[in-house]
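Each chain, written out:
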Amino acid sequence: MHESPSIANRWSSRLLFILASTAAAVGLGNIWKFPYITGENGGGAFVLVYLLCIAGIGLPIMIAEIVIGRRGRHSPGYAARKVAQESGRSKAWQITGWMGMATGFLVLSFYAVIAGWALAYVFEAGSGAFAGASVAEISDIFDGLVSSSAQLTFWHATIIVGVVFVVGNGIKDGLERAVSWMLPAMVLLLIGLASYAAYIGDFGAAIEFMFAPDFSELSINGVMLALGHAFFSLGLASGVVIMYGAYLSKSTSIIQTSLWVALADTFVALLAGLAIFPIVFGSQLAPEAGPGLIFQTLPVAFSQMPGGTALGTVFFIMLVIAAFTSAIAMIESAVAFLEERFNLGRWTATMGAGFILWLLGQITIYSFSGAEWTQLNWQISEEKSLKSWFDVIDYTTSNILLPLGGLLLAIFAGWVMKTSFSQDELDTQPIAFKIWHFIVRYLAPIAIILIFLQLIGIIQF
């Protein structure tokens, strides 16, 4: 293991680190998943719990990951190993970093396919395919896309090529240059969409739904989901935050920058809700439409409204940007690892990671198109069965690897890493440090264990 040229790089400024980290966190989780799980769990009460969880659990874990990354100055596995050994602990604790990196790469294998859906929908919307279309016709468009392995392979490959091009150009000429215009462009598009949605949709109903808590609509399962989504919407336990922390200069305040990232990420999630729910309510559609809200329910609304073709096109362009900025972040730690482990050049490492990612993506593509070799029927509980290899990857990453990775991170930062190391990295007031240390030692592990047991069905509240 040696410090590769990649790890020796630093972000050009604190602002660019905030932009890059926010762009990494803001993705399909904020714009695709957050609105529909808010819809499924009663709106305002869910949003309030989500915000509390971001502040109380998500932010402290993000701080912990940046501390590990900056202290270790390597790709996630090697960073965790270095910090553990310097703390006088077993190098076996490097599993904390390796698990995050592997999980992020597996998530990206299907995430890039969903990003391909969004890219395909830019052209569907732009061509006027949704204009005046019936619910059945819009459903046919979606079914036609996901059942065609040829179409999915093309759109998926296009996303992968774009990711490889940006990441291959390095930190300054690739990642920084991309996020410095992509994130502001995405936020501006989202503000424009929210403004137009408020004008043509039912903005009052959307505001009441999102910000007037009705706790009778929120179950304990909803609380667990809010906690889980707060944790994962920040991009935690996927190798991204440790990797970006490794590029952070020593003079930058970890607590202040983490706070800005959490605020920006949450702002975008709420803004996505304000762009989507006025359209949903104004068109008398169901806010609890589930995962199909973006790809099936919203196009129905776009088909009925004035300027729907332009609005739909802009919406899916914004969704592609959100997905793309997360994708370039999720592949970065794998690229840095290949550089370190095999002494590869930046372009060679990036193309190698991109090719492996493309191959893994075929599992998801052929799972959706119904290829026989991908189909399963694994009953893992009374309510849950895994129907394809995509289901296995999705279930394993979301319900096992991410919570387990988060638990390891909390234990690592709270119990394994020397307290003096984290004090040195955070360089903050004693009371602030004690609060953070208490959360990562006690509160976060308990919360994550509850999420984990709930998700795998061992406990039901």
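Up top is the structure these notes are about.
What you see is a predicted model, and the numbers here were worked out from it, not measured in a lab. (Residues numbered from 1 in each chain as written. Predicted model: local features only at pLDDT ≥ 70, side-chain atom pairs only at ≥ 80, totals over all residues. Heavy atoms only, no water.)

Asker: Let's hear about the overall build of the chain: which residues, and what values?
Answerer: When you go through the chain residue by residue, the secondary structure sums to 19 helices and two strands. Compactness check: the chain gives a C-alpha radius of gyration of 21 Å against a globular reference of 23 Å for 461 residues, within 12% of the reference. Projected onto its principal axes, the C-alpha positions of the chain cover 65 × 50 × 45 Å. Expressed as a percentage of its 461 residues, the buried residues of the chain come to 59%. Residue pairs in contact within the chain that sit at least 24 positions apart in sequence constitute 80% of those at least 6 positions apart. Only carbon and sulfur atoms are counted for the fraction: they give 65% of the accessible area of the chain, which is about 17,500 Å². Counting 20 positive and 27 negative side-chain charges, the chain places the averaged centre of each group 20 Å from the other. (Helix = DSSP H or I, 4+ residues; strand = E, 2+ residues; numbered from the N terminus. Rg over C-alpha atoms; globule rule 2.2 N^0.38 Å. Buried < 20%, exposed > 50% of the residue type's maximum accessible area, 1.4 Å probe, protein only. Contact = heavy atoms within 4.5 Å. Areas by Shrake-Rupley, 256 points an atom, 1.4 Å probe, with all protein chains shown as cover. Lys, Arg positive; Asp, Glu negative; His and termini not counted. Charge placed at Lys NZ, Arg CZ, Asp CG, Glu CD.)

Asker: Summarise unusual backbone geometry; cite the residues concerned and give the values.
Answerer: When glycine is set aside, most residues are seen to have a negative phi, and most peptide bonds are trans. Positive phi, close to 50°, is recorded for Arg-73, a residue that is not glycine. Tracing the sequence through the fold places Arg-73 in the loop between α4 (44-72) and α5 (76-86). The residue Asn-343 is not glycine, and still its phi comes out positive at about 55°. Take Asn-343: its relative accessible area is 59%, and that puts it in the exposed class.

Asker: An account of the layout of surface pockets is needed here, citing residue identities and associated values.
Answerer: Gaps left between atoms are located by rolling a probe of water-molecule size over the structure's atoms. By volume, the second largest pocket is sized at about 210 Å³. Ala-55, Leu-59, Pro-60, Ile-63, Ile-255, Ser-258, Leu-259, Ala-432, Ile-435, Trp-436 and Ile-439 are the residues that line the second largest pocket. Breaking the lining of the second largest pocket down by element, the ones donating at least two residues are α4, α13 (254-282) and α19 (430-455). Taken together, the residues of the lining of the second largest pocket sort by class into ten nonpolar, one polar and no charged. (1 Å grid on protein atoms, 1.4 Å probe; cavity = no way out; pocket = protein on both sides within 12 Å on 5 of 7 lines; lining within 4 Å. Points joined across faces, edges and corners; volume = space filled by probe spheres on them. Nonpolar A, V, L, I, M, F, W, Y, C, P; charged D, E, K, R; others polar.)

Asker: An account of the environment of Gln-284 is requested, with residue identities and associated values reported.
Answerer: Position of Gln-284 relative to the elements: it lies in the loop between α13 and α14 (297-304). Taking the relative accessible area as the measure of exposure, Gln-284 reaches 68% and is therefore exposed. Between the C-alpha atoms of Gln-284 and Gly-201, which are 83 residues apart in sequence, the distance is 9.8 Å. In terms of polar contacts, Gln-284 uses its side chain to reach the backbone carbonyl oxygen of Gly-282, at 3.5 Å. (Polar contact = N/O pair within 3.5 Å; in protein donor to acceptor, adjacent residues only side chain to side chain.)

Asker: Give a detailed account of the nonpolar core, specifying residues and quantitative values.
Answerer: Residues Met-186, Phe-295, Phe-315 and Phe-316 are the most contacted members of the largest nonpolar core, which totals 166 residues. Per-element accounting of this core gives the leading share, 20 residues, to helix α15 (residues 308-342). Look past the residues within four positions of Phe-316 in its chain and what remains in contact with it is Ala-118, Tyr-121, Val-122, Ala-125, Phe-130, Ile-294, Phe-295, Pro-299 and Phe-302. (Core = buried A, V, L, I, M, F, W, Y, C linked by side-chain atoms within 4.5 Å.)

Asker: Give a description of helix α10 (residues 203-211) that names residues and reports values.
Answerer: For α10, the set of buried residues is Ala-206, Phe-209 and Met-210. Buried residues of α10 fall within an arc of 90° about the axis and therefore sit on the same side. On the buried face of α10, the contacting elements are α3 (28-40), α4 and α13. (Arc of directions from axis to C-beta.)

Asker: Any details on α4? Residues and values, ideally.
Answerer: In this model, α4 (29 residues) spans 40 Å end to end at C-alpha, consistent with the 42 Å of a helix rising 1.5 Å per residue. Of all the bends in α4, the greatest measures close to 40° and is centred on Ile-54. Among the 29 residues that make up α4, 23 are buried, leaving the element largely enclosed by the rest of the structure. Just beyond α4, the residue with positive phi is Arg-73, at close to 50°. (Expected span 1.5 Å × (residues − 1). Bend = angle between axes of the 7 residues up to and from the residue.)

Asker: I'd like to hear about the side chain of Gln-94, residue by residue, with values.
Answerer: One can find Gln-94 in the loop between α5 and α6 (95-126). Of the residues examined, Gln-94 reaches a relative accessible area of 15% and is grouped as buried. Among all residues touching Gln-94, those that are not within four sequence positions of it are Gly-77, Ala-80 and Arg-81.

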